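Reading the structure
So the chains spell out like this:
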Amino acid sequence: MRFGTGDNAVDDRVRALLLGTLYNQPTSLAIGAINGVASSLIAAHVTGHGFMARAAAAITLIAVIRIGMAILCVRQLRPENARKWEIAYEVGAFSYAFMIGLVAGLSIWHEVNAHVQVMTVAVALCYGTGISARNAGRPNIVAGQLFLSLFPVIIGLVHIGSLAYLVLALAVALLLPAMMSISLNVFRTLRQSIIEAQTNAELAERMQLLAHTDVVTGIANRAGLDHKLDGMITDLPAGQKLMLLWIDLDRFKEVNDTLGHPVGDKVLKEIARRLIAQLPGHAAVARFGGDEFIIACRLSTRSDAERIARDVLDQIARPYRIDNERLTVGGSLGVALLPDDSHDTATLMQSADLALYHAKVAGGNRISFFDASMTRDLVRRREIEAELRAAIQRDELSIFFQPIVDLETGRIKTFEALVRWFHPEKGELRPDEFIPVAEETGVIITLGNWITAQAAKACAQWPEDVTVAVNLSPVQIRAPGAALGIKNALREAGLDPARLELEVTESLFLGDDENTGRFLDELCAMGVRFALDDFGTGFSSLGYINKFPFKKIKVDRSFVSGPNVGRKSEAIIRAVAEMGATLEMDIVAEGLETVEQVTAVRNAGCNLGQGYYFSRAVPDYLAMMLLARERDIDPHMRHAL
């Protein structure tokens, strides 16, 4: 493996690591310097030659400079200035090696005291061989030091020319390639180890980056967010807050289902790009999974958090142009602040998640800041969930029936089944308290099947011209095997499917998919009738009526008894009634409380009515009594209604 751009070159970082092997042991440099200085001073003293004295002085000066440079380099060596320090080392090493060799060569050349010759030659040889191992990280320096320290010795030995000196000269000459071979082997091993370590470090860094990065958007994932959050909380300046903003995209599932996941991925990438462009540089943006994003950001005041949250919501709501498709995706935002709402990462996440939950429950496309009351609501909801599951097992729930009356004859045509919960300790709990909890937790599936079964059993005891209507939750319909639960209820009760009406609201079709259509088609094929409830409160009711096999429309009570009742509402009821007559559909007016309202909706064309004017919801035995009583009433009196 090669680093850099030259032949057999390494990059600056590897050069610095190898160069560090030259400088990282100033002690060994000092020991070598002391030996060289001592031997040269002794040689100068014993011989008394002036050139020896000058050489000893030069060696001493060079040694001091080299030791100082080694100490300084340990502090200042960086990859970017490695080459400068390498040149400085070469100058000092070559100068010192040459002076050590020169002293030994001159000692032989001038045939000074034999003891001095042995000492200086031994120092030169030991220096040359020792430096081969110590400086193996830079072979060119080893070669230079070996040659400069040993070549003067060889020249001196050859100059004397005795047999012993010539043999010694040959031995010293052979020492050069031998020590270079050893040095090169050490260098290759050292260099390869450094390269492998560098490669492994880079690989580990890339793997860590991948482990902390979302593959679709390129921003941080859940692990990356956890890592960043810990650092942001630890380094949070005094007096500042940390905002955690949790985003859940609204209706993103429709994008994936209708246009495919590749388009959905492009939307996610664009959202990530917008968030990064919108937020300050120190903010952390992560995809938490699916269609959820989390933003962590330092700020000074709560108003800053409100401003950022509004900007984020606006950015998400802007239309998207993906593959020539214009898409609109909203978002629900939950916001929590540290230290206002929590003091650690875990509780901060929980607070933001809870705030997000409230934003979604409130209808989506809005911002919700955490409040302590949310925790109490959550505890209450969990309590209701647990008690509701137990209530189903203990038969604490009851089914009440409210009649739907023929406005021309006054006869009861249908009973709508309504669930009631009489808690043994808390008394009656309203449906709007426990039905939303049942839907959020999935208990509605069990509860809905139970209601259908009980309603079918009651209807089986009534006259055959009377039907029963049961409200279905979108959650129940979208659950696997939803139609099977209805079929089982009909089979166990022995009820004709044509006597069962299933009421659904327009919210069912906001996330319309193939399963919903199959559910309706499968039960319609059996004879089960469907009614569209709360008509007029949604956005595309006419489209639903045209697409799905509804037999009945229930006009929402707000058009009958709401505060805005007037000429416009009457005109709307009349238009719906005319449409129903044309399509051979029953039109039910809900919320009738006075005779004037009954007269008005009947004159507008509604053929069925429901409300307190006729009866409140009653237990099954009272429903039987209502049916029995009406069949004893004179037909002319019924018609008077």
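This structure is a prediction, so every number in the text was calculated from the model and none was measured.

About the cut-offs
Residues numbered from 1 in each chain as written. Predicted model: local features only at pLDDT ≥ 70, side-chain atom pairs only at ≥ 80, totals over all residues. Heavy atoms only, no water. Helix = DSSP H or I, 4+ residues; strand = E, 2+ residues; numbered from the N terminus. Expected span 1.5 Å × (residues − 1). Bend = angle between axes of the 7 residues up to and from the residue. Core = buried A, V, L, I, M, F, W, Y, C linked by side-chain atoms within 4.5 Å. Buried < 20%, exposed > 50% of the residue type's maximum accessible area, 1.4 Å probe, protein only. Contact = heavy atoms within 4.5 Å. Pairing = 2+ DSSP bridges. Axes fitted to C-alpha atoms, helices over the stretch in contact; angles between N-to-C directions. pLDDT = per-residue confidence, 0-100.

A word on helix 6 (residues 139-160)
Its 22 residues give helix 6 an end-to-end C-alpha distance of 32 Å, which sits within 8% of 32 Å, the value for a rise of 1.5 Å per residue. Where helix 6 bends most, at Leu 150, the angle is about 30°, and the proline Pro 152 comes one to four residues later. In the segment just after helix 6, Gly 161 is the residue with positive phi, at about 80°.

Some thoughts on the nonpolar core
Ranked by internal contacts, the top residues of the largest apolar core, which has 72 residues, are Leu 397, Phe 401, Phe 415, Leu 447, Trp 462, Leu 502 and Phe 519. With nine residues, the top contributor of residues to this core is helix 15 (residues 443-459). Residues within four places of Leu 447 in sequence aside, it is in contact with Ile 392, Leu 397, Val 419, Phe 434, Ile 435 and Ala 438.

Quick look at the sheet that holds strand 3 (residues 292-299)
An order of 2-3-1-6-7 is seen for the five strands of this open sheet, with the pairing classed as mixed. Pairing within the sheet leaves two strands with one partner each, and these edge strands are strand 2 (284-289) and strand 7 (367-369). Within the sheet, the average angular offset between the axes of one strand and its neighbour, ignoring direction, is 20°. Note that strand 1 (residues 241-250) and strand 3 share eight bridges and pair antiparallel. Bridging from a neighbouring strand, Met 243 pairs with Cys 297 of strand 3. Sheet strands touched by helix 11 (residues 302-317): strand 1, strand 3, strand 6 (330-338) and strand 7. Its angle to strand 6, the strand with the most contacts, is close to 160°.

Topic: the confidence of the model for the protein
Within the protein, residue pLDDT values average 81, and 86% of them lie at 70 or more. Below pLDDT 50 for its whole length, residues 1-11 participates in 20 contacts with residues either more than four positions away or in separate chains. Low pLDDT, under 50, characterises residues 634-641; the predicted model gives this stretch ten contacts beyond four residues in sequence or across chains.

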